[in-house]
Every structure is written in C-alpha cells, then in structure tokens.
Amino acid sequence: MKKRILSGMRPTGKLHLGHLVGALDNWVKLQEEYDCFFMVADWHAFMSEYENTAELPENIIDNVVDWLSVGIDPDKSTVFIQSHIPEHAELHVIFSCITPLGLLERCPTYKEQMREVKARNLNTYGFLGYPVLQAADILLYKSDKVPVGQDQLPHLELTRQVARLFNNLSKKEIFPFPDAILTKTPKLLGLDGRKMSKSYLNTINLSDSPEVIMRKVSAMFTDPKRIKLSDKGHPDTCNVFSYYSVFMPQIKNEVYDWCLDAKKGCTECKKMLALAIIEKLAPIQEKRKSLLKDKAALKKILDEGAKKAAGVASGTMKEVRKAVNL
Ligand code: TRP
Ligand code: SF4
C-alpha cells in the first residue's frame, strides 16, 4: 500500500513562481510514489481574510486550475476543497477540546502573525486555532507525510502532539505521527530580492502573459556594482543569476563566465532569462486556457475529489466518535 500525503494551500491570490518551484513541482513528483491528497484550504484562508472574501471563490478555482495546469493529475491524486468536507470542522472541534491553550499561544507562527499583521484583526478565537484545523486536515486522512515549507514545521509538531494526546485519551492507536517532507529546491526570491510574496508585489504569476513577464524581468535588480557594460559583474550576489540556476541550469556556467568577464550586459542577460521563463510557463498556460474553457469538467474533478476525500474522512470520523463515546 502506498503511503499517504496530504498538503494544502490557502487560496488567497494568484499562484506565482515561488509556489511552482517551492511546492508544486514537488507535488507533481510525489504523486507518482504516494497516495496524494491536495486540498484548497479555504477555511484557513477565511481565518485571516474573513473581512474580505469577495475574491475567495475566484481564487479557489484559479488555484485548482493552476495545480492541474502544472501537472497535478486528478487520476493519480485527490484534489478537493476543504469546506466540501465538513468532517474537517468536526475533527477540529474535537481536537480543540483536547489541545492545551499554551501550545497554541506559544506557537511561533501565531506569535509572529500577532506581532506583524496589523492590517487585519487576527485577534480571534478561530485564528488561535489555525494549527488545530491544520492538524485535523492532516490526521483526518491519517497522512504519513506532509510536504510543506520550513515555516510550517511548528504546525507539524503540533499535529503530532494532538495525535498523541488523542491516542492517549482514547487508548487507541487511531492516528499516525506525520512527518514533513521539506522541499530541497533553493528558494526563489522575489523580483526585488525579498521573499517572493503577493504582498510585496514582487511576484511573477503563473498566469502572467509573456509581455508582463518580459516587463517584470527587465525591471529586476541586478548587481549594483555593475553599472557600465564593461564593468565585471558578481553573479553570486545577483538575483537574476539565481533564477538561471532554477530555469536554465544547463547554461548557468556559461552565464556565470560572461558576467564575470563582462562579455554580455545585464539587459541581454535578463532578456534571455525572461524568454526561458516564458517558455517554461507556455505549456502551463496552454493547459490553463483549455481547463478554463470547460467549467463542467473542472466541477467534475472537484466533485470526484470531494467524494474520495469524504470516503476516507467519514471512515476516520466513525472511529474517532466511537473512541471517545460520541
Ligand atoms: N497552513 C498552510 C499554509 O499556510 C496551509 C495548510 C492548511 C496546510 N492545511 C494544511 C498545509 C494541511 C499542509 C497540510 O501554507
Ligand atoms: Fe546579473 Fe546577468 Fe547582469 Fe551578471 S549579467 S549582473 S548575472 S543580470
């Protein structure tokens, strides 16, 4: 039997190259080896965006379309929307009764958001329980592995703690203790050299047109010490060069030498990079177009995903209710 994976994303906006390189490329590979469940975490999005949900329905569909376009295959993986499966909420309630408050208050992601996020009111009961819902997502499917970024490790730790608490309480081995699968790929920074993030306006989106990509890449920061064409560059500290490692590893060494010896200029270097990104995204955008043409087929994929997810979820909840006499 294949081991099971569950992962998810919050549908808070358009997906970008950071999602592709940091998560989706990895998901596509994992579906060959594991029984994968990929979930749109719309309740998690609601926890922080509840004041502004106008774009939520559109974002949910847009994210699913991007997943399918990059190669998530609904014949191999179960693709579904969290809120279609009410068992997530039921398990969340049960877990929230047994999770010590201190574990949540001490959670580093919670403390950071409380400190950093001022624009939205996250001082709510629900937001404190964010990782409890995530534990419910993961354990509902008895997942063995969870592909996530480094920032999510505290949530995985909490998931194992909750699993242990529940197993101890019920004196049954109902839940496994899932491990993270961390992506090895080097992180792609944003166009300005900071973390790639929608809120920094420094992303290249998977759905950006060739013109937009060309414009965004041309405006990328390069080595600030290279002002004239004849100045030697420092590829090791140039963000454009780090993109070459990801999108054109085959000519990376050549570019390194040009840059060091000032054989080509930054404008040309960026133009070539933009073309490589456009080429990488072309088949994805082609697929995207055809998926968007057939809304009925998309709905069918999500309905079937929900059906498969519900089958597993209802089985787990039967066990859970019985184990605690509910
Ligand atoms: N918290 C995750 C994030 O922000 C999203 C998420 C929700 C998730 N439920 C999950 C990830 C379950 C992995 C498993 O990225
Ligand atoms: Fe960066 Fe390319 Fe310019 Fe070198 S030539 S500094 S790698 S953009």
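So, how was this worked out
- Residues numbered from 1 in each chain as written.
- Chains lettered and ligands numbered in written order.
- Predicted model: local features only at pLDDT ≥ 70, side-chain atom pairs only at ≥ 80, totals over all residues.
- Heavy atoms only, no water.
- Salt bridge = Lys/Arg side-chain N within 4 Å of Asp/Glu carboxyl O.
- Core = buried A, V, L, I, M, F, W, Y, C linked by side-chain atoms within 4.5 Å.
- Buried < 20%, exposed > 50% of the residue type's maximum accessible area, 1.4 Å probe, protein only.
- Helix = DSSP H or I, 4+ residues; strand = E, 2+ residues; numbered from the N terminus.
- Domains from an automatic or database assignment.
- Contact = heavy atoms within 4.5 Å.
- Buried area = accessible area lost by both parts, 1.4 Å probe.
- Polar contact = N/O pair within 3.5 Å; in protein donor to acceptor, adjacent residues only side chain to side chain.
- Near = heavy atom within 4 Å.
- 1 Å grid on protein atoms, 1.4 Å probe; cavity = no way out; pocket = protein on both sides within 12 Å on 5 of 7 lines; lining within 4 Å.
- Sits in = over half its atoms within 2 Å of the grid points.
- Nonpolar A, V, L, I, M, F, W, Y, C, P; charged D, E, K, R; others polar.
- Expected span 1.5 Å × (residues − 1).
- Points joined across faces, edges and corners; volume = space filled by probe spheres on them.
- Pairing = 2+ DSSP bridges.
- Areas by Shrake-Rupley, 256 points an atom, 1.4 Å probe, with all protein chains shown as cover.

Observations regarding the pattern of salt bridges
Moving on, step 1. Counting across every chain of the model gives 21 salt bridges.
Moving on, step 2. Asp231 is the salt-bridge partner of Lys228, the closest N and O atoms lying 3.3 Å from each other.

Examining the nonpolar core
Moving on, step 1. If you look at the biggest cluster of nonpolar residues, it comprises 56 residues, and the most contacted ones within it are Leu17, Leu24, Trp67, Tyr243, Tyr244 and Ile277.
Moving on, step 2. Broken down by element, the residue count for this core peaks at nine residues, all from helix 13 (residues 266-293).
Moving on, step 3. The two domains that each donate at least three residues to this core are domain 1 (4-188 + 295-323) and domain 2 (208-288).
Moving on, step 4. Setting aside its immediate chain neighbours within four residues, Ile277 contacts Leu17, Ile204, Ile213, Val217, Tyr243 and Phe247.
Moving on, step 5. Of all hydrophobic cores here, the second largest spans 42 residues; its members include Ile138, Leu139, Leu140 and Ala163.

Considerations on the domain arrangement of the protein
Frequently, the measure chosen for interface size is the accessible area removed from exposure when the parts meet.
Moving on, step 1. Domain annotation of the protein identifies domain 1 (4-188 + 295-323) and domain 2 (208-288).
Moving on, step 2. Computed from C-alpha coordinates alone, the two centres of domain 1 and domain 2 are separated by 35 Å.
Moving on, step 3. Listed per partner, the contact involves 12 residues of domain 1 and nine residues of domain 2.
Moving on, step 4. Together domain 1 and domain 2 conceal approximately 920 Å² of surface at their shared face, both sides included; 69% is due to carbon and sulfur atoms.
Moving on, step 5. Area buried by domain 1 at its contact with domain 2 is led by Leu17, Ser69 and Leu188, which between them contribute 49% of it.
Moving on, step 6. One can count three salt bridges joining domain 1 with domain 2.
Moving on, step 7. Across the pair Arg288 and Asp66 runs a salt bridge whose closest N-O atoms are separated by 2.7 Å.
Moving on, step 8. Where domain 1 packs against domain 2, one counts four residue pairs in polar contact (both at pLDDT 80 or more).

Brief notes about the site of ligand 2
Moving on, step 1. By nearness alone, every residue bordering ligand 2 is listed as Thr222, Asp223, Arg226, Cys238, Val240, Phe241, Cys259, Cys266 and Cys269.
Moving on, step 2. Its atoms largely coinciding with the cavity grid, ligand 2 occupies the largest cavity.
Moving on, step 3. At the level of elements, helix 11 (239-247) and helix 13 are the ones that each hand at least two residues to the shell around ligand 2.
Moving on, step 4. Of the residues that constitute the shell around ligand 2, the class distribution is six nonpolar, one polar and two charged.

Points about helix 9 (residues 153-170)
Moving on, step 1. Between its first and last C-alpha, helix 9 extends 26 Å over 18 residues, near the 26 Å set by a 1.5 Å rise per residue.
Moving on, step 2. When helix 9 is considered as a whole, its buried residues turn out to be His155, Leu156, Leu158, Thr159, Arg160, Val162, Ala163, Phe166, Asn167 and Ser170.
Moving on, step 3. One or two residues past the end of helix 9 sits Lys171, with phi positive at roughly 50 degrees.

Structural notes on the layout of surface pockets
Moving on, step 1. Quantified by volume, the second largest pocket comes out at close to 320 Å³.
Moving on, step 2. Contributing elements (two or more residues each) for the lining of the second largest pocket: helix 2 (42-49), helix 4 (87-98), helix 5 (101-105), helix 7 (125-128) and helix 8 (130-140).
Moving on, step 3. Per element, the largest residue contribution to the lining of the second largest pocket is four residues, and it comes from helix 4.
Moving on, step 4. Class assignment of the residues belonging to the lining of the second largest pocket gives a composition of 10 nonpolar, five polar and no charged.

So, the pairing of strand 2 (residues 35-40)
Moving on, step 1. Burial analysis of strand 2 places five of its six residues in the buried class, which makes it a mostly covered element.
Moving on, step 2. As paired elements, strand 1 (residues 4-9) and strand 2 share six bridges and run parallel to each other. Counted as the bridge partner of Arg4 is Asp35 from strand 2.
Moving on, step 3. Pairing of strand 2 with strand 3 (residues 78-81) involves four bridges; the strand directions are parallel. Bridged to Met39 within strand 3 is Phe80.

Description of the site of ligand 1
Moving on, step 1. Around ligand 1 sit 14 residues in total, of which His44, Tyr130, Gln134, Asp137 and Gln152 are the nearest.
Moving on, step 2. The separation between a nitrogen atom of ligand 1 and a polar side-chain atom of Tyr130 is 2.7 Å.
Moving on, step 3. Isolated, ligand 1 exposes 360 Å² of accessible area, and the fraction of that covered by the protein chains is 89%.
Moving on, step 4. Every element with two or more residues in the shell around ligand 1 is listed here: strand 1, helix 8 and strand 4 (145-148).
Moving on, step 5. Top element by residues in the shell around ligand 1 is helix 8. It accounts for four residues.
Moving on, step 6. Class assignment for the residues of the shell around ligand 1 results in seven nonpolar, five polar and two charged.

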